[in-house]
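# Geometric and topological summary
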Amino acid sequence: MAVSLPVVNLATATFECIYGRGCDGICCQNGRPSVYPDEQKRIADNLKKFLPLLRPEARELVENVGHLSNRRKDGLPMLRVVKGWCVFFNEGCVLHKVGAAEGDKYRYKPAPCSLFPLARNDKGDWYVRQHGVEGEAWDLFCLNPQSSPMPAAESLADEVALAERYMAEDAATEEKTKKAK
């Protein structure tokens, strides 16, 4: 099922992830993404793959109290943070690294991390997070349109395709639910 993903400011937004080229992963600092139930299960089912790659303090926390905090965003639990960083951050995202090694860098990452800087507003419209757009409060340099001349339509092709895939999966699940009734 083909899904066309309209992104309201994709034609005008600029964005370039420069992790490892001047950015040390600031979006993972105090990053507390919400985690959907299927993502919670996928992470929990594969935790043994991630534990050896975690920072010592993160591994200890995850082993003792788990990777999900009691904090909630949009009704969903959020990943834990230790010493100011997501528990899965260790010189990059451990979930991303393991997924990439297995052939899909998004396999284990929560949707907000995988799709960043794509987001949805209160009306359900997709947009590229930028300073001054939709009341963006996160003051990350990469969200400043002046930081990069790279068109977001070019740099975010993978993220847009992933969002389209998520939308198609949601539509297929909805259709199956309707048929089951």
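Residues numbered from 1 in each chain as written. Predicted model: local features only at pLDDT ≥ 70, side-chain atom pairs only at ≥ 80, totals over all residues. Heavy atoms only, no water.

Turning our attention to helix 7 (residues 157-180). Here helix 7 is 24 residues long and its end C-alpha atoms lie 35 Å apart, about the 34 Å a rise of 1.5 Å per residue gives. Restricting attention to buried positions, one finds in helix 7 the residues Glu 159, Val 160, Leu 162, Ala 163, Tyr 166 and Ala 168. Looking at the buried side of helix 7, the elements it contacts are helix 5 (111-115), strand 5 (118-120), strand 6 (126-128) and helix 6 (152-155). (Helix = DSSP H or I, 4+ residues; strand = E, 2+ residues; numbered from the N terminus. Expected span 1.5 Å × (residues − 1). Buried < 20%, exposed > 50% of the residue type's maximum accessible area, 1.4 Å probe, protein only. Contact = heavy atoms within 4.5 Å.)

Take the pattern of salt bridges next. A complete count under the given rule lists 10 salt bridges for this structure. As a salt-bridge pair, Lys 105 and Asp 158 come within 3.1 Å of each other at their nearest N and O atoms. Pair noted here: Lys 105 is in the loop between helix 4 (94-101) and helix 5 and Asp 158 is in helix 7, with a separation of 53 residues, a long-range link. Asp 158 gets classed as partly exposed once you look at its relative accessible area, which sits at 43%. Connected through salt bridges with shared partners, the residues Lys 49, Glu 102 and Arg 107 form a single ionic network. (Salt bridge = Lys/Arg side-chain N within 4 Å of Asp/Glu carboxyl O.)

Let's shift gears to the pairing of strand 1 (residues 68-73). Consecutive residues of a regular strand have side chains that alternate between opposite faces of the sheet. Where strand 1 and strand 2 (residues 76-79) come together, 3 bridges link them in antiparallel fashion. Across the sheet, Leu 68 pairs through a bridge with Leu 79, a residue of strand 2. (Pairing = 2+ DSSP bridges.)

On inspection of all chains with the given rule, the structure shows 5 aromatic pairs. Ring centres 6.2 Å apart and planes at 80 degrees place the aromatic pair Phe 15 and Phe 116 in the edge-to-face group. Within this pair, whereas Phe 15 is found in the segment before helix 1 (37-45), its partner Phe 116 is found in the loop between helix 5 and strand 5, the two being separated by 101 residues in sequence. Ring plane angle 80 degrees and centroid distance 5.9 Å describe the contact between Phe 50 and Phe 88, whose orientation is recorded as edge-to-face. Placement of Phe 50 in helix 2 (residues 47-50) and of Phe 88 in the loop between strand 4 (85-86) and helix 4 is noted, with a sequence separation of 38 residues between them. (Phe/Tyr/Trp six-rings, centres within 6.5 Å; stacked < 30°, edge-to-face > 60°.)

Attention now goes to helix 4. Of the positions making up helix 4, those classed as buried are Val 94, Leu 95, Val 98 and Gly 99. Each buried residue of helix 4 sits inside an arc of 125 degrees when the element is viewed along its axis, so together they form one side. Contacts made by the buried residues of helix 4 are with helix 1 and helix 2. Of the residues flanking the end of helix 4, it is Gly 103, one or two places downstream, whose phi is positive at about 105 degrees. (Arc of directions from axis to C-beta.)

What follows deals with the environment of Leu 115. Relative to the helices and strands, Leu 115 is located in helix 5. With relative accessibility at 6%, the residue Leu 115 sits in the buried group. For the pair formed by Leu 115 and Glu 169, sequence separation is 54 residues and the distance between their alpha carbons is 15 Å. In this view, Leu 115 contacts Trp 126, Glu 159, Leu 162, Ala 163 and Tyr 166; residues no more than four positions away in its chain are not counted.

All right, on to the confidence of the model for the chain then. Within the chain, residue pLDDT values average 92, and 98% of them lie at 70 or more. At the low end of the mean pLDDT range in the chain sits helix 7, at 84; at the high end sits helix 3 (residues 56-65), at 98. (pLDDT = per-residue confidence, 0-100.)

As a rule of thumb, non-glycine residues mostly have phi less than zero, and peptide bonds are mostly trans rather than cis. The omega angle of the peptide bond from Phe 116 to Pro 117 is 10 degrees, so this bond is cis rather than trans. Mapped onto the elements, Pro 117 comes out in the loop between helix 5 and strand 5. A positive phi angle is found at Lys 83, which is not glycine, with a value near 50 degrees. Its location among the elements puts Lys 83 in the loop between strand 3 (81-82) and strand 4. Classification of Lys 83 by relative accessible area gives exposed; the value is 66%. Positive phi values are uncommon outside glycine, yet Glu 134 reaches one of about 55 degrees.

Following the sequence through the fold, Ile 26 ends up in the segment before helix 1. Distance in space between the C-alpha atoms of Ile 26 and Trp 85 is 8.8 Å, their sequence separation being 59 residues. What Ile 26 contacts, discounting residues up to four positions off in sequence, is Trp 138, Leu 140 and Phe 141.

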